[in-house]
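Residue-level structural notes
Chain residues, written in single-letter form:
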Amino acid sequence: MAEMRQKKDATSSTENQIVWHSETVTIGNEECKQYLLPLDKLYTKADGNSREMEENVEDSPMDNIFITLNEGAELEGIAYYTFYRRISRMTDIKVIEEDNPKGGKPIKKIPLSALSVVAIKRYRKKLEQKGNAKKERMKILGMRIDKSKPPWYVGYDYSAYKEQYPDKLQEAIRRYKYIEEKRQYSSNVQEAKKAIAYKYGVTVKSLERWENDVKKAESWAYLMEHETGKNYEFYKVMCLCRKPSKAKGNMWSLDPRVKVIIENELMKNVTNKMKDARIYKLVLKEANNQNLPVPSMATVHRYLSYIRKNYEQSLALKAKGKRYYDNKYGYKSVRDPESLMVNEVVMGDAHVLDFFVEYEGRAIRPILVAWLDVRSRCIVGWDIATSATANVIKSSLRHVALPKKNEPFEGVPQILFIDNGMEYTAHKLIGRNRKIRTKVDDEIDEVIDGFYYELGVQREKRALPYAAWHKAYIERFFSTVCEQFSKCINSYVGTLTTSKTDDKIDKDIKGMLERGELPHFIEAVIGFRNYLKEYHTNKHSGLRTEKLGKTPLQVYENAEIGTERYYRAAPPIGILDNYMLEVKEATVSPTGIKFMHNYYQCMELTPYINQKVKIRYDLTDLDRVKVRTLDNEVIGIAQKVKKIGFYAEDDEEMKPFIETSKKKKKQYRGAKDTMGFLSMTFEERQALLGAEAVPETLTGDISVQKVISIMNQQKEIKNKKIEETKAKEKQAQTDADNYYINKGADILDKLNIG
């Protein structure tokens, strides 16, 4: 047949030449070609004795597909012995022999290319009827695979195996070369096996086992390629590798049902941190109840270790809950601080310092309240107190806004990013119920008058509860303070809030207090102020890519106002101090305003009896409160009054009763004057207030209180005139009396003389 192919005219037209389609596949470090060609184009003419090719082709790839004599006779449509005699006359075809699985003589197979064109077309049609040529190729290979029990290498990561076991992979590549060399022999197969086994120092049984493994791997490769459209030729090499002892967590000695028992017992007791020995006893008991094979303690321990390593997150979620899972494993995004302006977003939080100080004769851990500018990492405001309250937050934020001596930090931030704690979300600070997380809420209709917005902040944002990573920048600063400042204090006791007990330092704080070794509270404040100077001038690791500078102070000072720095001036000191006062609603009663077990009164409150007002007060000075209406109109300042007794024994004790009586009469006169004003006609009001003031009065622009004031002024003028008239009459009477007295004295003098 090869000679006939060589008789092909070299000058034949290239139009009739067949172009073989090939693809290159990599097996280990070796490259192999796989040829693809339609079966009906292999041959164009054939007879029973000889075969001629019209195409100028080399050895056909179809020579590698072999069929039995029975299959060939069936495809040719002739009797077996007729087909056998025809094949016997073909001396140029390659005949192979394979062992008969049922015993007896070896099975002879011939290449598919030995058939006629009609038989090849029948073969092709037979494949098309079955619907999948690749599965038929697996059947030709004689391999029947069970998809329910795939071998270990199916689905295994080839790259990971190559990286982890390079020596085993090289050994498998050498074995595959032995199989390829054996496949080159079509006759005397048994002698070829022995020769190859002797040549490479392996047994014949090993060579046969490897060949069967390769055939099975080829079948799986064809199947996976059909299902996924990808190349799986590396299966032919991996099937010759040694199985990893823990490939994909597969403990080969464990029954699948026992695995489930181990997993269930681990999940039941993961919260209690049960040891492996106890879990093994539970697994042993359950396995015996189900009549399952009992594994050894070592096997169970290895499988438990595998589960803990590969399912760490799920076990943590079961043992410690969602909060711990989100904190340690939850997916997080990275923020870009360079997209902000300086002083645009200021982040605030409180931190319990990790050392003790002496305060009023007792040992306490001071609390640092700090405000950090996210862009520059500068601490633009801070306060150290004995406890974190809303008033301390006010004081520290006041420090943020006001200018500072020898520091450039000033101005009201645009946005405050605050902690979710009660001290940061008090009603006096945000001006609404803390359950409403944002002020841009359609449900909010009331006026927002919290301290943040009175100060001039545009918006406040809150971190989610128990999500410290939302405030990562200031939490990182607190960590720096602990490392660079707190650990320099002799009373440092470690981070007591951590779960790591080895970080806690046991110190005799009570003894240090008695011996006077604890630093004073004021010393800690001064020390922290000096530390901030060092912090602001040192290079910051988070500013490596910052174009404005490498230290927090450089970034803040180099930021140009308007383009790279947000600036809004703080309110005047007087107004700001007024904002610092506490705000509370109170009801005015006939006895005044009752607040903090005290009573506050002033005459300006009398028109608002039984009405609600707002009071502003300072907890350090409760002698007076500032009173405003609910619409923030000023009413006056109410002074704290003393309670009077039930009776008076002297003039001094009688004074409070007299004062109360005067205020009562004054209040009565005011109510009576208002009643009279409301009863006046338009002309009477015009005569009283003036022609231009009457229309304003009618529209309500002039309050009744102002009218009362005018009427009181007129009464005072009238009373003053009456008093002046009475004084003149009294003076005239006095003068008359003096005249007559002097006249009588003169007469007596004359009589004495006479």
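The rules behind each value
Residues numbered from 1 in each chain as written. Predicted model: local features only at pLDDT ≥ 70, side-chain atom pairs only at ≥ 80, totals over all residues. Heavy atoms only, no water. Helix = DSSP H or I, 4+ residues; strand = E, 2+ residues; numbered from the N terminus. Buried < 20%, exposed > 50% of the residue type's maximum accessible area, 1.4 Å probe, protein only. Contact = heavy atoms within 4.5 Å. Areas by Shrake-Rupley, 256 points an atom, 1.4 Å probe, with all protein chains shown as cover. pLDDT = per-residue confidence, 0-100. Axes fitted to C-alpha atoms, helices over the stretch in contact; angles between N-to-C directions. Parallel < 35°, antiparallel > 145°, perpendicular 65-115°, else oblique. Left-handed = near helix turned anticlockwise from the far one by under 90°. Nonpolar A, V, L, I, M, F, W, Y, C, P; charged D, E, K, R; others polar. Pairing = 2+ DSSP bridges. Phe/Tyr/Trp six-rings, centres within 6.5 Å; stacked < 30°, edge-to-face > 60°.

Comments concerning the overall build of the protein
Within the protein, the regular secondary structure consists of 26 helices and 20 strands. Scored against the burial criterion, the 754 residues of the protein give a buried share of 38%. Taking contacts inside the protein between residues at least 6 apart in sequence as the whole, the part at least 24 apart equals 59%. Summed over all atoms, the accessible surface of the protein reaches about 46,600 Å², with 50% contributed by carbon and sulfur.

Some thoughts on the confidence of the model for the protein
Confidence in the prediction for the protein averages 78 pLDDT; 80% of positions are at 70 or higher. Low confidence marks residues 1-30, where pLDDT is under 50. Its contacts with residues over four positions away, or in another chain, come to 58 contacts. This model gives residues 695-702 a pLDDT under 50, and the stretch forms nine contacts once residues within four places in sequence are excluded.

Points about the packing of helix α11 (residues 256-269) against helix α12 (residues 276-289)
For the pair α11 and α12, the least separation of the axes is 10 Å and the interaxial angle reads 135°. One way to sum up the angle between α11 and α12 is to call them oblique. Like other packed secondary-structure pairs, α11 and α12 cross with a definite hand, here right-handed. Taken together, the residues of α12 that come into contact with α11 (itself represented by Ile 261, Ile 262, Glu 265, Leu 266 and Asn 269) are Ile 279, Leu 282, Val 283, Glu 286 and Ala 287. Residues of the contact of α11 with α12, tallied by class, amount to seven nonpolar, one polar and two charged.

Focus on the sheet that holds strand β18 (residues 612-618)
Where strands meet in a sheet, backbone hydrogen bonds hold them as pairs that are either parallel or antiparallel. Taken in spatial order, the six strands close into a barrel running β15-β16-β17-β20-β19-β18, and their pairing is antiparallel. Direction aside, the axes of adjacent strands within the sheet are offset by 40° on average.

A short note on the packing of α11 against helix α13 (residues 297-310)
The geometry of α11 relative to α13 is characterised by a closest axis approach of 11 Å and an angle of 60° between their N-to-C directions. By the criterion of interaxial angle, the relationship of α11 to α13 is oblique. For the pair α11 and α13, the sense of crossing is right-handed. Contacts from Lys 259, Ile 262, Glu 263 and Leu 266 of α11 reach α13 at Val 300, Tyr 303, Leu 304, Ile 307 and Arg 308. Here the residues of the contact of α11 with α13 are counted per class, giving six nonpolar, no polar and three charged.

What about the packing of aromatic side chains?
Using the criterion set out here, one finds 28 aromatic pairs in the structure. Plain terms: the ring middles of Tyr 325 and Tyr 329 are 5.9 Å apart, the flat faces sit at 35° to each other, and that makes the pair tilted. Among the residues examined, Tyr 325 registers a relative accessible area of 23% and is labelled partly exposed. Tyr 329 sits in the buried class, given a relative accessible area of 19%. Taking 5.1 Å as the distance between ring centres and 70° as the angle between the ring planes, the aromatic pair formed by Phe 477 and Tyr 535 counts as edge-to-face. With a gap of 58 residues between them, Phe 477 in helix α18 (residues 472-484) and Tyr 535 in helix α20 (residues 521-537) connect regions that are remote in the sequence. With respect to class, Phe 477 is no different from Tyr 535; both count as buried. Ring pairing ties together the aromatic residues Trp 152, Tyr 153, Tyr 156, Tyr 158, Tyr 161, Tyr 165, Tyr 232, Phe 234 and Tyr 235, which thus form one cluster.

Details of the sheet that holds strand β14 (residues 459-462)
If you trace the five strands from one edge of the open sheet to the other, you get β12-β11-β8-β13-β14, paired in mixed fashion. Here the strands that pair on one side only, and so sit at the sheet edges, are β12 (379-385) and β14. Neighbouring strand axes in the sheet, compared pairwise and without regard to direction, differ in orientation by 20° on average. Summarising the sheet, strand β11 (residues 367-373) and β12 pair through six bridges and their orientation is antiparallel. Paired with Ile 367 across the bridge in β12 is Ala 385. On the sheet, α20 packs against β11 and β12 and is oriented at approximately 165° with respect to β12.

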